Amino acid sequence: YNHLYPVLFGTDISITSVLIKVSFDLLLQTTLLTLPIAYLSKAFIYKYGIQEAFRRYKDDILNHGLLLKYYSLWGPVQCLTFSVIPAHYRITFIACVSFFWLIILSSIASKARNVINEDEEDYDDVEECSLVDGMTCNIDG
């Protein structure tokens, strides 16, 4: 934001310039690079495949409002970033907002997985295990 964007878009803070920067960030950088990398990173950490990562990304976009929530938060934030926030504070400002965005993103991903788990067939024939001491399973009763 402090090095590449000024080279690509200049340092002007006019409405047109700010909207071009924000549009590039939201429509291209985020949807084609930033969020896919986040989903690929999660796939790597939790050891599931690339296809599953992109399936989850697509599902979160189509069924859980991922991009709508992203644009709702980051659209106004990036307008402030490129117009009001001084260049030397931009990274700090974005990092602070990112903290809250990660909470929202985790919530979206968690809800999506919970819906999948609820849709799976019931396992009525599986016997529950009561924990005797909080760690040891007492199968016999």
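Residues numbered from 1 in each chain as written. Predicted model: local features only at pLDDT ≥ 70, side-chain atom pairs only at ≥ 80, totals over all residues. Heavy atoms only, no water.

## Some points on the overall build of the protein
Link 1 in the chain: The helix and strand tally for the protein stands at five helices and two strands.
Link 2 in the chain: Tracing the protein from N to C terminus, the helices and strands come up as α-α-α-α-α-β-β.
Link 3 in the chain: Every one of the 141 residues in the protein was classed for burial, and the buried ones make up 28%.
Link 4 in the chain: Here the analysis covers contacts within the protein between residues at least 6 apart in sequence; of these, 55% occur between residues at least 24 apart. (Helix = DSSP H or I, 4+ residues; strand = E, 2+ residues; numbered from the N terminus. Buried < 20%, exposed > 50% of the residue type's maximum accessible area, 1.4 Å probe, protein only. Contact = heavy atoms within 4.5 Å.)

## Here's the deal with the nonpolar core
Link 1 in the chain: If you look at the biggest cluster of nonpolar residues, it comprises 18 residues, and the most contacted ones within it are Leu35, Tyr57, Leu66, Tyr70, Trp74 and Trp101.
Link 2 in the chain: Listed by contribution, the elements that provide at least two residues to this core are helix 2 (15–46), helix 4 (66–83) and helix 5 (90–119).
Link 3 in the chain: Contact partners of Tyr70, with chain neighbours within four places excluded, come to Asp25, Leu26, Thr30, Leu35, Gly75 and Trp101. (Core = buried A, V, L, I, M, F, W, Y, C linked by side-chain atoms within 4.5 Å.)

## Digging into the confidence of the model for the protein
Link 1 in the chain: Averaged over all residues, the pLDDT of the protein is 82; the fraction at 70 or higher stands at 77%.
Link 2 in the chain: When mean pLDDT is taken per element in the protein, helix 2 scores highest with 94 and strand 2 (residues 137–138) scores lowest with 48.
Link 3 in the chain: Throughout residues 122–127 the model reports pLDDT below 50, and contacts reaching past four residues in sequence, or to other chains, amount to one contact.
Link 4 in the chain: Between residues 131–139, whose pLDDT stays under 50, and residues either more than four places distant or in other chains, the model counts nine contacts. (pLDDT = per-residue confidence, 0-100.)

## Looking at helix 2
Along an α-helix, residues three or four apart share an orientation, since each turn contains 3.6 residues.
Link 1 in the chain: At Thr30, helix 2 is deflected by roughly 65°, the largest bend along its length.
Link 2 in the chain: Taken from the residues just after helix 2, Lys47 is the one with a positive phi, measuring 60°. (Bend = angle between axes of the 7 residues up to and from the residue.)

## Here we look at the layout of surface pockets
Picture a little ball the size of a water molecule; that probe, rolled over the atoms, points out where space is still empty.
Link 1 in the chain: Taken as a whole, the largest pocket holds about 240 Å³ of empty space.
Link 2 in the chain: Along the walls of the largest pocket sit 15 residues, with Thr34, Tyr70, Trp74, Ser98 and Trp101 positioned nearest its centre.
Link 3 in the chain: Looking at the lining of the largest pocket, the elements with two or more residues in it are helix 2, helix 4 and helix 5.
Link 4 in the chain: Looking at side-chain class alone, the lining of the largest pocket contains nine nonpolar, five polar and one charged residues. (1 Å grid on protein atoms, 1.4 Å probe; cavity = no way out; pocket = protein on both sides within 12 Å on 5 of 7 lines; lining within 4 Å. Points joined across faces, edges and corners; volume = space filled by probe spheres on them. Nonpolar A, V, L, I, M, F, W, Y, C, P; charged D, E, K, R; others polar.)

## Focus: the side chain of Gln29
Link 1 in the chain: Position of Gln29 relative to the elements: it lies in helix 2.
Link 2 in the chain: A distance of 2.5 Å separates the side chain of Gln29 from the side chain of Tyr5, its partner in a polar contact.
Link 3 in the chain: Apart from the residues within four sequence positions on either side, Gln29 is in contact with Tyr1, Tyr5, Phe24 and Thr34. (Polar contact = N/O pair within 3.5 Å; in protein donor to acceptor, adjacent residues only side chain to side chain.)

## Some thoughts on the pattern of salt bridges
Link 1 in the chain: Per the counting criterion, the structure on display carries two salt bridges.
Link 2 in the chain: Here Glu52 and Arg55 are joined by a salt bridge, their closest N and O atoms 2.8 Å apart. Here the residue Glu52 and the residue Arg55 both occupy positions in helix 3 (residues 50–64), the gap between them amounting to three residues, near one helical turn.
Link 3 in the chain: On the basis of relative accessible area, Glu52 is assigned to the partly exposed category, the value being 24%.
Link 4 in the chain: Classification of Arg55 by relative accessible area gives partly exposed; the value is 37%.
Link 5 in the chain: The shortest N-O distance in the salt bridge between Glu52 and Arg56 comes to 2.8 Å. With Glu52 and Arg56 both in helix 3 and four residues apart, this pair spans about one turn of that helix. (Salt bridge = Lys/Arg side-chain N within 4 Å of Asp/Glu carboxyl O.)

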